[in-house]
Amino acid sequence: MSSTKISGPLPTEWNTGVFRGIIRGRQALLDNGRSRGPGEGLVAPIPVKGLLPPAKIPYRALKLTVSQEWHEVNERLNHVFDIVGFEPVLSHARTIADKQETYDFQPWNTDQYPPHLYHIPKKDEVPATTIFDFTAYITTALILKGAWTSWTTPDPIYKVKNIDEIIANDRKFRKQEWEVYADTNIGDRDDWFSDDVFAQQQFTGVNPVSITIATPESEWVTKFKAAATTQNLSDVLALMNSQDSSLYVADYSYFRKAVGASTDAELSSGLDDPDNIRYGCSPVGLFNLTSEGKLHPVGIIIDYKGSMENSVTIFNKCLTPGGNTIDEQKEDWPWRYAKTALSSADWLHHEAKVHLTDTHLVEEVIIVATHRAFPEGKPIFNLLEPHWERTLSLNKAARDTLVPSVITKIAGVSSKEIYTYIKYVFENFDFVGGYIPNDLKSRGFPLDELSDPKGRFHNYAYARNMNLMWQKLRCFVAGYLSAFPEYDTDEDIAQDDEIAYWCSEIRGPLRGNLKLFPTIKTRDELIDALTMCIHIASPQHTAINYLQRYYMSLVINKPPAFCTPLPDSLKTLEGYGQQQLFDALPVRKQWAQQYMLASHLPWLLSYQVASAQNLINYAITLASFSTGKVQEAAKQFEADLYSLKKQFDEHNTQLDDKQLNYSVMDPELTAVSILI
């Protein structure tokens, strides 16, 4: 019998999620002499239509398979004496009744979090020391316990006297290769504080998903014009009224509503730690995107309190990119304070919404509902399961430790408000609105203009990359589903009880409570929803997670809170110098633990993805063990990912900022699931 050629280079390890599905499929055939369900996409030990028998697997691939199966045996033997009776050594497909008993949502409103899995089954548990880098995990634990040693802080941050000394120390630690400081971060740039670098983070930073167009008649353009009029700034008004201007906003004004505070309430940690109160803000930043594609900050409301009269608004002295020198920008302390306020708000928006809620917590609802709706071995379950590796255990660690012991200790709002905020953003998560074509268009980035290497959006590498990734991912999902006739027509989808139950489990107010998940009735709706499920877990989480160490380990670039109250008038803000900004940062002795937590959290939460866990390995593994249309779809997806790698490299070289390396979305660096 001739061998089937393995698509692409043979990996050092198969994708774990796909591989476990393969083992279940083979075991089901050994047990029952037949496939559990349509079967295509699994490897069978005996010839069955749509399955690839071992005799067809090339020798090197078969050797790797046997090796990984033996690894599975050893992993399961480690748990034999932790359970009652004996668990099968290889993965077995569980019945839907078993899964519905095992996977269920936490009873409604019994804790402070959105809906999540009630109890993690033993087979899904992953220890924290496996999830996290061991040194980062232990170091963070020491910081939490207040163990101040030379290991965690080679030169205590509170000994510095100004911002330049913070940067100098940070660079010194890097040369000494001290833990979190060993890798380069934004502080290695002499212009890290500049308008250009500040603005570009809206396009290629750790949170490139929030900046939104502000049309001439929009609320924020009107409000900023009113402020400029009050301040007699004719040049600002001329810019905002110009036909050549293209205005965008970064809007965090919703914070008070989201945490349950009144419009004029001071945002702070309050009684959580009365002796060391931290302060938050709900700013709005106004940017102009020039015809050359340069994003430039124009004005900032440092803390919006329901009206412009009750808020402090400051405008940039320089309204065009490159219009003032780096030295001039360095000494403009009122404007630097305002930019820091916007960055501080983005810390909370990113960590608690964009990262934790919009990826981790939303995906957990998908995981639980999929377990409850689809039997193992069914096509939709097999498609989604590989994108859940480690996620349930990781999310439990976030609920048990990360939020209560880290986020609530360093954010500029109270612990109660943190939990209120998380629930608010979860309940308002727009699943369909988050589809990349919908998201980009609604935020003012026309899809047909993203490909122009010299166009207005050539610096928005996230949008350019993700638009293409979505297209290829959707094509893969459509090709995969085409292998299964039960999903051929809209009528098939509308009458599918499993899909209907899946939607109800995700949407139900006492179930997943994702209110804006679609009620799926057509094939296109199913393809879009499945694409989104994979998108959240893989390319989206990768894009917003793995740059944390670069942008956030230098705490003063994006501090989680201020340590002094915000200025209550423009006159007060305009009188600020370096000392006022320095005092507002968590660099005094009483803030040492908060500073270290903020600097080490990005180290804990981001490390390079192993080759066995990247998206290309997933495609290779699926292509290697499938036949027919599933194999065709997987092979095409693999080829598309290698093509995207080249296109993303080109987008990177087309950025104006030649010091910037936006490679986080490289398919070889894109995690297949929410791994960390």
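Structure's up top.
Residues numbered from 1 in each chain as written. Predicted model: local features only at pLDDT ≥ 70, side-chain atom pairs only at ≥ 80, totals over all residues. Heavy atoms only, no water.

A. Region of interest: the packing of helix α14 (residues 391-410) against helix α15 (residues 415-427). In the contact formed by α14 and α15, the axes pass within 10 Å of each other and the chain directions differ by 110°. With respect to α15, the axis of α14 lies roughly perpendicular. Classified by chirality, the crossing of α15 by α14 is right-handed. Counting all contacts with α14, which are made through Val403, Pro404, Ile407 and Thr408, the residues of α15 involved are Ser415, Ile418, Tyr419 and Ile422. Class assignment for the residues of the contact of α14 with α15 results in six nonpolar, two polar and no charged. (Axes fitted to C-alpha atoms, helices over the stretch in contact; angles between N-to-C directions. Helix = DSSP H or I, 4+ residues; strand = E, 2+ residues; numbered from the N terminus. Parallel < 35°, antiparallel > 145°, perpendicular 65-115°, else oblique. Left-handed = near helix turned anticlockwise from the far one by under 90°. Contact = heavy atoms within 4.5 Å. Nonpolar A, V, L, I, M, F, W, Y, C, P; charged D, E, K, R; others polar.)

B. Main features of the packing of aromatic side chains. Throughout the structure, instances matching the rule amount to 30 aromatic pairs. Measuring from ring centre to ring centre gives 6.3 Å for Phe429 and Phe431, while their planes differ by 75°; the resulting arrangement is edge-to-face. Assessed through its relative accessible area of 10%, Phe429 is described here as buried. The class of Phe431 is buried, set by a relative accessible area of 1%. Note on Phe445 and Phe457: the rings are 5.4 Å apart at their centroids and 75° apart in plane angle, and the pair reads as edge-to-face. In this pair, Phe445 sits in the loop between α16 (436-442) and α17 (461-481) while Phe457 sits in the loop between α16 and α17, placing the two residues twelve residues apart along the sequence. Its relative accessible area of 1% is what places Phe457 among the buried residues. One aromatic cluster is present, formed by Phe374, Phe429, Phe431, Tyr435, Trp470, Trp502 and Phe517 through successive ring pairs. For Arg336, the ring lying beneath its charged end belongs to Phe193, and the centroid distance is 4.6 Å. (Phe/Tyr/Trp six-rings, centres within 6.5 Å; stacked < 30°, edge-to-face > 60°. Buried < 20%, exposed > 50% of the residue type's maximum accessible area, 1.4 Å probe, protein only. Lys NZ or Arg CZ within 6 Å of the ring centre and 35° of its normal.)

C. Seen up close, helix α9 (residues 234-241). Residues of α9 that are buried include every one of Val236, Leu239 and Met240, and no others. Along α9, the residues classed as buried sweep out an arc of 95° about the axis, all on the same side. Packing partners of the buried residues in α9 comprise α8 (219-230), β2 (247-251), β3 (284-289), β4 (295-301) and β5 (313-315). (Arc of directions from axis to C-beta.)

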